[in-house]
Amino acid sequence: MCDVSCTSKISGVFDSKRENTMLEKSRILIADDNLPNVELLEAYLAGIDCEIAIAFDGQEALDKVTSFQPDLILLDIMMPKLSGFEVCKQLKEAPETRQIMILMVTALNELGDIERAVDAGTNDFISKPVTKLELLKRVENMLRLKGVTDENERLRQYIENMEETSGPIATE
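From a predicted model like this one, the values you see are computed outputs, not experimental measurements.

> Mind laying out the pairing of strand 5 (residues 72-76), listing which residues take part and the relevant values?
The element strand 5 is extensively covered by neighbouring structure, given that five of its five residues are classed as buried. On strand 5, burial covers both faces: Leu-72, Leu-74 and Asp-76 on one face and Ile-73 and Leu-75 on the other are all buried. Direction of pairing for strand 5 relative to strand 6 (residues 101-106): parallel, over a ladder of five bridges. Pairing of Leu-74 across the sheet is with Leu-103, part of strand 6. As a crossover connection, the stretch from strand 5 through helix 3 (residues 84-93) into strand 6 is right-handed.

> Lay out the side chain of Lys-146 in plain terms, naming residues and giving numbers.
Tracing the backbone through its elements, the reader meets Lys-146 in helix 5 (residues 132-166). At 2.7 Å, the side chain of Lys-146 and the side chain of Asp-150 are in polar contact.

> I'd love a proper account of the pattern of salt bridges, names of residues and values included.
Using the criterion set out here, one finds 14 salt bridges in the structure. For Lys-25, the salt bridge goes to Asp-49, with nearest N and O atoms at 3.7 Å. Of the two residues, Lys-25 sits in strand 3 (residues 24-31) while Asp-49 sits in the loop between helix 1 (35-45) and strand 4 (50-55), which places them 24 residues apart along the sequence. When the shortest N-O distance is used, the salt bridge between Asp-32 and Lys-128 registers 3.4 Å. Residue Asp-32 is located in the loop between strand 3 and helix 1, and its partner Lys-128 is located in the loop between strand 7 (124-127) and helix 5; the two are separated by 96 residues in the primary sequence. The exposure class assigned to Lys-128 is partly exposed, which follows from its relative accessible area of 23%. Here the salt bridges do not stand alone but share partners, grouping Asp-32, Asp-76 and Lys-128 into one network.

> With reference to specific residues and values, describe the packing of helix 2 (residues 58-68) against helix 3.
One can describe the packing of helix 2 onto helix 3 by two numbers: an axis separation of 9 Å at closest approach and a directional angle of 25 degrees. Here helix 3 runs roughly parallel to helix 2, going by the angle between their axes. Classified by chirality, the crossing of helix 3 by helix 2 is right-handed. Contacts between helix 2 and helix 3 involve Gly-58, Ala-61, Leu-62 and Val-65 from the first element and Val-87, Gln-90 and Leu-91 from the second. Looking at the contact of helix 2 with helix 3 residue by residue, the class counts come to five nonpolar, two polar and no charged.

Reading guide: rules and limits
Residues numbered from 1 in each chain as written. Predicted model: local features only at pLDDT ≥ 70, side-chain atom pairs only at ≥ 80, totals over all residues. Heavy atoms only, no water. Buried < 20%, exposed > 50% of the residue type's maximum accessible area, 1.4 Å probe, protein only. Helix = DSSP H or I, 4+ residues; strand = E, 2+ residues; numbered from the N terminus. Pairing = 2+ DSSP bridges. Right-handed = clockwise from strand over helix to strand, strands pointing away. Polar contact = N/O pair within 3.5 Å; in protein donor to acceptor, adjacent residues only side chain to side chain. Salt bridge = Lys/Arg side-chain N within 4 Å of Asp/Glu carboxyl O. Axes fitted to C-alpha atoms, helices over the stretch in contact; angles between N-to-C directions. Parallel < 35°, antiparallel > 145°, perpendicular 65-115°, else oblique. Left-handed = near helix turned anticlockwise from the far one by under 90°. Contact = heavy atoms within 4.5 Å. Nonpolar A, V, L, I, M, F, W, Y, C, P; charged D, E, K, R; others polar.

Next comes the structure, spelled out in structure tokens:
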């Protein structure tokens, strides 16, 4: 149940470019210690052309990020070993993982919890119980944003490389 491949598409927006590769499926990491929640999220995502990996605690989520390299993490806040807040903060502080989109999935509804999630660096949050439509639209939008962010970074690096080899690019 660790890595699952989904085969159909929703809206055709879930293909993303990875460095030095052809188009690949988007990768989504589900991090939640509650098996029924994981199964529900997997079922909701079944219509998306993506690869899914699962982590059942905060430390496992960090470990999976290294090996799986997700585009998006559906991150529960209340988990053993490391909370979702701690996982999010560590990922957003590290240069190699700060571009990963994080959608916090939480039963916590207090304003302080939302502020804490934002302070940790989450890109968005969704409250439990999660509805399929809301989850799919948020995932679609976040993966689209991730694709734009990746393309922007690729172009920035291209310009940087051009400037190194031929001097500054003139702008008017």
